[in-house]
Amino acid sequence: MTGARARLVRRLPYWAGGALLLLLLVAAIGAPWLAPFPVDRYDLLDDLAAPSAQHWLGTDENGVDLLSLIVWGARVAAMVGLGTVGLCASVGVTLGAISGYYGGLIDEVLMRIIDVLMAFPGILLAILVIAVTREPSVAAVIFALSVTGWAGYARLVRGQVLSLRERPFVMAARAMGASGPWIIARHLLPNVMTPVIVQATFGIAGAILAEAGLSFLGLGPDGVPSWGALLDQGARYFLVSEHLAIFPGLAIVLTVLGINLLGDALRDRWDPRRPEQ
Amino acid sequence: MITPAPRAPALPARARLAFAAAVALPAIPLLWGALQPSARASGLDLALEALVVDAVAFGFWGLGRVGLLPAFLVRRLVSLVIVLLGASTLVFAALRLAPGDPVDSILGEQASAEARAELTASLCLDAPLLTQYDDCFWDTVLDGSLGRTFDVTPQPVIDLIVEAFPATAELALAGMLVSLSIALPLGLLAALRRATWVDHTATGFAMLGVAIPAFWLGPMLILAFTVHLDWLPNPARTDRPIAALVLPALTLGTALSAKLTRMVRSSLLEVLGDEYVVTARAKGLPEWLILVKHVLRNALIPVITVLGIQFGALLTGAIVTEKVFARPGVGTLLLDAIQQRDYPTVQGTVLLIATSYVAVNLLTDVLYAVIDPRVRLDR
């Protein structure tokens, strides 16, 4: 294998993952223009239709075009994925950096809170929060997934900051009279961002899976097409219309696979222990 | 944990915090009760119970001091007390603080005032928060009933859980078995034939396995094996319980097997490069003996930990799998209770799942320390 080809093969997951993530974002933003049919108009004469030239992926039990539903579902997936990761990462990184830099009592208290949160299966708490929320919105789902989600970022950043804060450049900054928040923002955070970005990438995939799972259990956001809810409906008709169970799941698998590939590629690229690249 | 202290305090932060927490635990309900006279009795009750918790925690600490318990175990047990206390309070708070009035949710907004008042009282929502926490939460935990179902014929929540548990345990065990029987050989092969097509297939499977949700894999397996190939009976059939367990176990086990395959592979690769393996090889030991005696024994230790950590994923995965296959179990119980807004049952089920998860994690830690003596020394 020539060097150029080998490099191309090595970078394939990177590009494939990036392309799939881009596809998700394009579908999420462009849903109103990209979806070939409206999703709020029922056509009961054309229900449970198999895939055809007109309806590429067939129609659901109300005669709504499945492809359009999946395109709209990308919007919920992207909102929950990015929203959850954004909320978790910003809270987690801030608290983790403070905890790691200042240490002492703040650190101990925060770590015990994180112990409690991480000792709890996160999706279970999300189920609990959604279960008591009437007509849950996308924001409620994001909140429910973030209740425990930030803990992982906090623990990650804290560990990084602990090892960085004794390094000469931090001591130099401290000796020059820089304040704690300044050192955290200007010297520490830029140095811990790499693993955070890797974890956030996997986090998007995790949140999308969790949202689909909640929706499948009937605990997803109300009134918007979500891949998990489509699967839940599809499962009721899948003996007569297999496409209803196949395609929404395929959308989930491809999205999650793509994002995970990208996360793996990013980690390999930035991992100093790996000799190549 | 590294704790670089800028200046040496009289007591380490952890000990000071433990002491503060031990004082605060009974002090908070006592103070709360003093400020809110209607909840005074509950405050006193809770303060007494908190003292018992303190006594248990200090008991562990004392046993450690006189050398009856190893230090790592004391730390785990004390943190178990904190985690259980925190997790159960979280469950209590989540149900009370979440937006939306449960009475509204159950009765609808047009319900009569009497019906609302009656329901409010029976759900224990009319009392001060502290009293709710004492009478309607801890007392039901302590008497072992976990409260009474919100139903026409109320019964202890624990009875329902005990009834549903065997089906879930059966599914979880079968799922774990499936995942181990896929992951161990696959991870082993991938590590031994590194960078060949075997390895690529195994890592590809691992990649795909984590991306496929159980609620999609399940229907796909039914379509393939029951509908099209007709190899397996409909999983809903109860007259062939073993055959009906195959697809649910595969559904639940696949995601776990993907994670385990990765773990087994990377753990083996690490150990295979270690010096004692090189030594064993230099001594001329046959390859299989090296593998069994030196490599596997060490490589499988981290796998046990992952298995323990993934137990929670197995439990929550069981909820989804039970729904896919319409199987009875704790997950079905929880989902039905959510549908019927049966809060006591929701609370009890979640509490029990969380507790068993925490307990399994503790067991894993202990088992880990028993197998690997190095763990007992650090921290």
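What counts and what doesn't
Residues numbered from 1 in each chain as written. Chains lettered and ligands numbered in written order. Predicted model: local features only at pLDDT ≥ 70, side-chain atom pairs only at ≥ 80, totals over all residues. Heavy atoms only, no water. Axes fitted to C-alpha atoms, helices over the stretch in contact; angles between N-to-C directions. Helix = DSSP H or I, 4+ residues; strand = E, 2+ residues; numbered from the N terminus. Parallel < 35°, antiparallel > 145°, perpendicular 65-115°, else oblique. Contact = heavy atoms within 4.5 Å. Nonpolar A, V, L, I, M, F, W, Y, C, P; charged D, E, K, R; others polar. Salt bridge = Lys/Arg side-chain N within 4 Å of Asp/Glu carboxyl O. Buried < 20%, exposed > 50% of the residue type's maximum accessible area, 1.4 Å probe, protein only. pLDDT = per-residue confidence, 0-100. Buried area = accessible area lost by both parts, 1.4 Å probe. Polar contact = N/O pair within 3.5 Å; in protein donor to acceptor, adjacent residues only side chain to side chain. Phe/Tyr/Trp six-rings, centres within 6.5 Å; stacked < 30°, edge-to-face > 60°.

### Focus on the packing of helix α6 (residues 168-175) of chain A against helix α7 (residues 180-216) of chain A
A pair of packed helices is captured by two measures, namely the crossing angle of their axes and the spacing between those axes.
All names here are of chain A.
At step 1: At their nearest, the axes of α6 and α7 sit 11 Å apart, and the two run at 175° to each other. On the basis of their axis angle, the class for α6 and α7 is roughly antiparallel. Residues Phe169, Val170, Ala173 and Arg174 of α6 form the contact with α7, whose own contacting residues are Ile183, His187, Leu188 and Asn191.
At step 2: Looking at the contact of α6 with α7 residue by residue, the classes come out as 5 nonpolar, 2 polar and 1 charged.

### Topic: the pattern of salt bridges
At step 1: This model, assessed by the stated rule, comprises 11 salt bridges over all chains.
At step 2: Residue aspartate 232 of chain A pairs with lysine 323 of chain B through a salt bridge whose shortest N-O separation is 3.2 Å. Of this pair, aspartate 232 of chain A sits in helix α8 (residues 227-237) while lysine 323 of chain B is found in helix α13 (residues 311-324), placing the two residues in two different chains.
At step 3: Notably, a salt bridge pairs arginine 327 of chain B with glutamate 170 of chain B, separated by 3.1 Å at the nearest N-O pair. With arginine 327 of chain B in the loop between α13 and α14 (330-339) and glutamate 170 of chain B in helix α7 (residues 157-192), the pair connects residues that are 157 residues apart, well separated along the chain.
At step 4: Accessibility expressed as a relative area gives 11% for arginine 327 of chain B, which makes it buried.

### What to know about the confidence of the model for chain A
At step 1: In this model, chain A carries an average pLDDT of 84, and 94% of its residues clear a pLDDT of 70 or more.
At step 2: Between the elements of chain A, mean pLDDT differs from a low of 81, seen in helix α1 (residues 3-34) of chain A, to a high of 92, seen in helix α2 (residues 66-102) of chain A.

### A closer look at the interface of chain A and chain B
At step 1: Listed by partner, the interface residues are 50 residues for chain A and 51 residues for chain B.
At step 2: Contact between chain A and chain B buries roughly 4,500 Å² in total, counting both sides, with carbon and sulfur atoms accounting for 78%.
At step 3: Our enumeration of links across chain A and chain B arrives at 2 salt bridges.
At step 4: Counting the contacts that link chain A with chain B gives 5 residue pairs in polar contact (both at pLDDT 80 or more).
At step 5: Elements supplying a minimum of two residues to the side of chain A that touches chain B: α3 (104-118), α4 (122-131), α5 (138-164), α7, α8 and α9 (242-270) of chain A.
At step 6: For the side of chain A that touches chain B, the element with the most residues is α9 of chain A, which contributes 13 residues.
At step 7: Within the side of chain A that touches chain B, the residues separate by chemical class into 33 nonpolar, 6 polar and 11 charged.

### Quick look at the side chain of aspartate 107 of chain A
At step 1: Secondary-structure assignment places aspartate 107 of chain A in helix α3.
At step 2: Not counting residues within four places of it along the chain, the set of residues in contact with aspartate 107 of chain A comprises Ser99 and Arg158 of chain A.

### Re the environment of leucine 162 of chain A
At step 1: In this fold, leucine 162 of chain A is placed in helix α5.
At step 2: Sequence spacing of leucine 162 of chain A and arginine 5 of chain A is 157 residues, and the spatial spacing of their C-alpha atoms is 41 Å.

### Section: the packing of aromatic side chains
Residues and elements named next belong to chain B.
At step 1: Tallied over the entire structure, the rule returns 9 aromatic pairs over all chains.
At step 2: Taking 5.7 Å as the distance between ring centres and 10° as the angle between the ring planes, the aromatic pair formed by tyrosine 133 and phenylalanine 137 counts as stacked. Taken together, the residues tyrosine 133 and phenylalanine 137, both in helix α6 (residues 129-142) and 4 residues apart, mark about one turn of the helix. Here tyrosine 133 and phenylalanine 137 have matching classes, each one buried.
At step 3: Aromatic side chains phenylalanine 137 and tryptophan 138 sit 5.5 Å apart centroid to centroid with 80° between the ring planes, which places their arrangement in the edge-to-face category. Comparing phenylalanine 137 with tryptophan 138, the two get one shared label, buried.
At step 4: Cluster of aromatic residues (ring-pair linked, three or more members): Phe92, Tyr133, Phe137 and Trp138.

### Re unusual backbone geometry
At step 1: Despite not being glycine, alanine 195 of chain B shows a phi value in the positive range, around 60°.
At step 2: As for its placement among the helices and strands, alanine 195 of chain B is situated in the loop between α7 and α8 (197-211).

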